[in-house]
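Coordinate analysis (summary)
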Amino acid sequence: MIDNIKLQNIASYPVSTSVSIAINKKRVNLFYGQNGSGKSTIAKYFQDIENIEYADCSITPTVTQDDVIVYNQNFVEKNFYEKASQQGIFTIGEADASAEKEIEDTLSELNKLEAEIDDIATQEKTQKSNQVKSQNTFKDVIWNKKKTFENHPLLFCIKSERNIGTKDGFLNKLLSIKEIGTTTFDKLTEETKTLTGDDVKELPNISVVSFSSQNIEKNHIYSEKIIGETDSYLSQLIDKLGNSDWVQNGINFLDESNCPFCQQSINDDLKSNIKSLFTTVYEDKISNLERLSSAYKQSANTIKNTFNNPTFSMEHIVKHEELETLKLIYTNKLNENITLLENKLSNPSVEITLFDTTEQLNNVNDCIKEIQQEIIEFNARLTQKDQLLSKIKIEFWKNLKQDCQSAIDLNLASQKDFDNNLKKLREKLTDTKTEKEKLEKTLTELRSRTTEIETSVKNVNARLNSLGVTGFYLKASDENSALYFIERINGANTNIFKSLSEGEKTLITFLYFLETCSGATSKEDNAICSNRTIIIDDPISSLSQNYVYDIASIIHYEVLEKDFKQIFILTHNLYFFHELLMLKNPNKAHKPKDYNLFRVIKSLDTNVIPMERDTLLNDYQNYWKTIKDCSENKLHVSMLPNAMRNILERYFSFIHQKDHLNKTLDSISSTDKEFEPFLRYFNRGSHSDAINLDLGTIDTQRYIFKFREIFKKTGFLEHYDTMMEVEAE
């Protein structure tokens, strides 16, 4: 069934935008609209779907032209005005009752197959929709990966690529990557940071350190007991007491009156023996010790100053925590040796052993060498910045592909499932259509045994009689049994159609159309009603009000109640519109579930809008609604004159005030010459059209105001205000 109709750039429908009519696969669709609103364009489109004029229009899903039967003026002209005889309509006759039963069963099977085909098509549409949704979800997942690198150092890897500004472009780029990444985004980020940025420049070199006093640590003087001469008789005692350093320190006070050691008086002989303990040899050793100690301290301070150099405080050096640890260990050892040296100077007789810091110094320098190698490599990398960034970019995409691989694999599996399901549905659809074609062939063979045109002739003539039309009838041609012609009661059969009244022409053409809906124009054709879409455009346009009920009743029972696939009825007659709904259900509050109700309106362009049953008005009310719609720019100003004229005619005729109306119109015309043509149009016959009325000069609001003045001057302003739903003055 048809789900949607789109009309654009045809007749009064918009050029740049489309009017979408949501049918939603409902079987019966009733359209109401005044003449000139755009109803007939819908019927004409159905009648010639492939015409280039309708290139911007569409019917979803598409329909086969052979399965669409349209009643409109074109149908009448093609079958009656342009032909002296009409093509016979082959329907099931009485030739073979058993074949008729077989036809009925075959049609039933065809209906089932058609329903099955529709169901398969719906499943296929759902599968395709779900497949698209799944693919779009997958694209969103991949696209969100891209978003994680916004304001990120690695963003350059994305920005430098072309044609990835869309989800499809980005996905295609990712799928084009064949290799797998061998690093991490963190490493790539760190590497990028070292190569990019305004503050990135070559790193200063760092040199190994040297300790010039390294050999001092191995000097044997520190393991000596530096004491006085052994020739003095006191030397054995001092050595035994182990207080040589104490005695040596006290020599400076020997020239005082008392002994610096015991505070007793001391003679010159004792003084001489004490002084003789510490000769020039002793003094030389002490001097050498002091010299070595001073040199060691100076070298150690040089090392410390080197470590405090700004180079060792730079970020690319400080980040190596191992170097900081090794420096600390080394300087601590140097400080410990300095403390030992100071102790030796204070107590020369004490034996000490200095730490050998060779290993600590080598550890520091080994670390410095590693750092320097990194610096050399980094500076070398800066000279190859573009090449390295290019490699980072390649690795980035490899990593991103690997990061998305699970989602890619899942999507591939999902799409494969969808494709397999669609393949099965298409195969099933092909098989079902093949089976349907076989049944249609069988049906054709059965119909060749049963079809005839006499049944259609009888049906048309019977309906003419039931409608009280007895002056002419339909007859099968004696010369060609596949043709009809119209014959008068008196036997005349030449140009009869052109001699009929407009009402009679409408009746005979519509009754012929009804037979066309259920029959075929040749014995070989299949008349499968359940495949047919019926469009009826204003079937009572030229009929008197007496026939409106009859035609509505015929359409209800012979079209709406039959098993046609879908029906579209378009009319300007509200009574006819109401009657179709009343026949469905007389309860005005009832809303038929399988019915669509539409209103076709025209302002600058035509629009089609849904409406409810309870919003339908009678003709008189609808003319007032037209004026309200024009005042709100919902309808084109061309709709205004006819609505105003009909309101004035109907209202003032009903209240027997036409003379009063005419005098009022003359009065207004005499005082407003610009309005005179418009007022003269009001006073024309009820079946007149807008000839000689220049609609381009009509100012909508001005003439609605004048229309109101007519009711005001005739004393019926209250009626105007009531119908226009405004507060009375």
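So, here's what we can say about the structure. Treat the numbers as computed from the prediction; the structure is a model and nothing was measured. (Residues numbered from 1 in each chain as written. Predicted model: local features only at pLDDT ≥ 70, side-chain atom pairs only at ≥ 80, totals over all residues. Heavy atoms only, no water.)

**Quick look at the overall build of the protein**
Scanning the protein from terminus to terminus reveals 25 helices and 14 strands. Here the protein has roughly 39,000 Å² of accessible surface; of this, 47% comes from carbon and sulfur atoms. (Helix = DSSP H or I, 4+ residues; strand = E, 2+ residues; numbered from the N terminus. Areas by Shrake-Rupley, 256 points an atom, 1.4 Å probe, with all protein chains shown as cover.)

**Brief notes about the nonpolar core**
Within the largest apolar cluster, 48 residues are counted, with the highest numbers of intra-cluster contacts made by L30, I508, F513, I534, I555, I569 and F576. At eight residues, helix α17 (residues 502–518) tops the list of elements feeding residues into this core. Setting aside its immediate chain neighbours within four residues, I555 contacts F510, I536, P539, L560, I569, F576 and L580. (Core = buried A, V, L, I, M, F, W, Y, C linked by side-chain atoms within 4.5 Å. Buried < 20%, exposed > 50% of the residue type's maximum accessible area, 1.4 Å probe, protein only. Contact = heavy atoms within 4.5 Å.)

**Section: the sheet that holds strand β12 (residues 566–571)**
With mixed pairing, the six strands of this open sheet are ordered in space as β5-β11-β12-β3-β13-β14. Whereas interior strands pair on both sides, the edge strands pair on one side only; in this sheet they are β5 (68–71) and β14 (606–610). Going from strand to strand, the sheet's axes swing by 15° on average, the running direction of each strand aside. As paired elements, strand β13 (residues 595–602) and β14 share five bridges and run antiparallel to each other. (Pairing = 2+ DSSP bridges. Axes fitted to C-alpha atoms, helices over the stretch in contact; angles between N-to-C directions.)

**Observations regarding a negative patch on the surface**
Taken together, the side chains of E116, D119, E427, D431 and E435 present a region of like negative charge at the surface. Those elements that place two or more of their residues in the negative patch are α3 (97–147) and α14 (385–450). In terms of residue count, α14 provides more of the negative patch than any other element does, three residues in total. By secondary structure assignment, the location of D431 is in helix α14. (Patch = residues over 30% accessible without salt bridge, like charges linked within 9 Å, V, L, I, M, F, W, Y side chains within 5 Å. Salt bridge = Lys/Arg side-chain N within 4 Å of Asp/Glu carboxyl O. Lys, Arg positive; Asp, Glu negative; His and termini not counted. Charge placed at Lys NZ, Arg CZ, Asp CG, Glu CD.)

**So, the packing of helix α6 (residues 185–195) against helix α13 (residues 358–382)**
Relative placement of two packed helices is described by the angle separating their axes and the distance separating the axes. The geometry of α6 relative to α13 is characterised by a closest axis approach of 10 Å and an angle of 75° between their N-to-C directions. Put simply, α6 runs roughly perpendicular to α13. Of the residues in α13, those in contact with E191, T194 and L195 of α6 are F378, R381 and L382. (Parallel < 35°, antiparallel > 145°, perpendicular 65-115°, else oblique.)

**Thoughts on empty space enclosed by the protein**
Taken as a whole and judged by the stated rule, the model has one cavity of 30 Å³ or more. Within this model, the largest cavity holds a volume of roughly 50 Å³. Considering the residues around the largest cavity, the lining is formed by Y32, G33, Q34, S37, R599, V600, I601, K602, N622, T626, L635 and M639. For the lining of the largest cavity, the elements supplying multiple residues, two or more each, are β13 and α20 (619–631). If you tally residues by element for the lining of the largest cavity, the top one is β13, at four residues. Within the lining of the largest cavity, the residues separate by chemical class into five nonpolar, five polar and two charged. (1 Å grid on protein atoms, 1.4 Å probe; cavity = no way out; pocket = protein on both sides within 12 Å on 5 of 7 lines; lining within 4 Å. Points joined across faces, edges and corners; volume = space filled by probe spheres on them. Nonpolar A, V, L, I, M, F, W, Y, C, P; charged D, E, K, R; others polar.)

**Re the packing of helix α22 (residues 658–671) against helix α24 (residues 700–713)**
Running from amino to carboxyl end, α22 crosses α24 at an angle of 130°, the nearest separation of the two axes being 10 Å. The orientation of α22 with respect to α24, classified from their angle, is oblique. When you trace α22 past α24, the crossing you get is right-handed. Here α22 contributes H660, L661, T664, L665 and I668 to the contact with α24, which in turn contributes K706, E709, I710 and K713. Tallied by class, the residues present in the contact of α22 with α24 amount to four nonpolar, two polar and three charged. (Left-handed = near helix turned anticlockwise from the far one by under 90°.)

**Overview of the pairing of β12**
With respect to burial, β12 is a largely interior element, six of its six residues being buried. As paired elements, strand β11 (residues 533–537) and β12 share five bridges and run parallel to each other. Counterpart to I534 in the pairing with β12 is I567.

**Some words on unusual backbone geometry**
For the peptide bond that leads from T60 to P61, omega is -10°, which places it in the cis range. Residue placement: P61 occurs in the loop between β4 (58–60) and β5. Within the chain, N9 stands out as a residue other than glycine whose phi angle is a positive 60°. Along the chain, the position of N9 falls in the loop between β1 (4–7) and β2 (19–22). Even without being a glycine, N24 presents a positive backbone phi close to 55°. As for its position among the elements, N24 is in the loop between β2 and β3 (28–32).

**With respect to the packing of aromatic side chains**
One pass over the structure, following the stated rule, counts 29 aromatic pairs. Between the aromatic rings of F396 and W397, the centroid separation amounts to 5.6 Å while the plane-to-plane angle is 85°, which identifies the pairing as edge-to-face. Residue F396 shares its accessibility class with W397, and that shared class is buried. Aromatic rings pair up to connect F31, Y45, F46, Y54, F568 and F598 into one cluster. Lying across the ring of F355, K333 places its NZ or CZ 4.3 Å from the centre. (Phe/Tyr/Trp six-rings, centres within 6.5 Å; stacked < 30°, edge-to-face > 60°. Lys NZ or Arg CZ within 6 Å of the ring centre and 35° of its normal.)

**Remarks on the side chain of Q214**
Mapping Q214 onto the fold places it in the loop between α6 and α7 (235–241). Of the polar contacts made by the side chain of Q214, one reaches the side chain of E217; its length is 3.0 Å. Ignoring anything within four residues of it in the chain, the contact list for Q214 reads Y330, D356, T357, T358 and L361. (Polar contact = N/O pair within 3.5 Å; in protein donor to acceptor, adjacent residues only side chain to side chain.)

**Describing the sheet that holds β1**
Read from one edge to the other, the open sheet built from three strands follows the order β2-β1-β4, with strand pairing classed as antiparallel. Both edges of this open sheet fall to β2 and β4, since each of them pairs with a single strand only. Across this sheet, the average inter-strand angle for adjacent strands is 10°, counted without regard to direction. Pairing between β1 and β2: four bridges, direction antiparallel. The residue of β2 that forms the bridge with I5 is I21. Contacts between helix α1 (residues 39–47) and the sheet are confined to β1, β2 and β4, with β1 contributing the most and set at about 105° to the helix.

**Side note on the pattern of salt bridges**
Two side chains with opposite charge may pair up if their charged atoms get near one another. Under the counting rule described, the total for this entry stands at 17 salt bridges. Of the charged contacts in the structure, one is a salt bridge between D140 and K167, with a shortest N-O distance of 2.5 Å. Taken together, the residues span a long stretch of sequence, with D140 in helix α3 and K167 in helix α5 (residues 167–175) at a distance of 27 residues.

**A look at α24**
Note on helix geometry: an α-helix contains 3.6 residues per turn, so any two residues three or four positions apart are oriented the same way. Between its terminal C-alpha atoms α24 stretches 20 Å, which fits the 20 Å expected from 14 residues at 1.5 Å a residue. Within α24, burial applies to T700, Y703, I704, K706, F707, R708, E709, I710 and F711. (Expected span 1.5 Å × (residues − 1).)

**A few points about the environment of L640**
Here L640 lies in helix α21 (residues 640–654). The sequence separation of L640 and C630 amounts to ten residues, and the corresponding C-alpha distance is 6.8 Å.

**Comments concerning the environment of N9**
Take N9: its relative accessible area is 36%, and that puts it in the partly exposed class. Each C-alpha atom of the pair N9 and A55 lies 8.5 Å from the other, and the pair is 46 residues apart in sequence. Residues within four places of N9 in sequence aside, it is in contact with P14, V15, E53 and D56. Only 2.9 Å separates the side chain of N9 from the side chain of D56, close enough to count as a polar contact.

On their own, these measurements won't tell you what the molecule is for.
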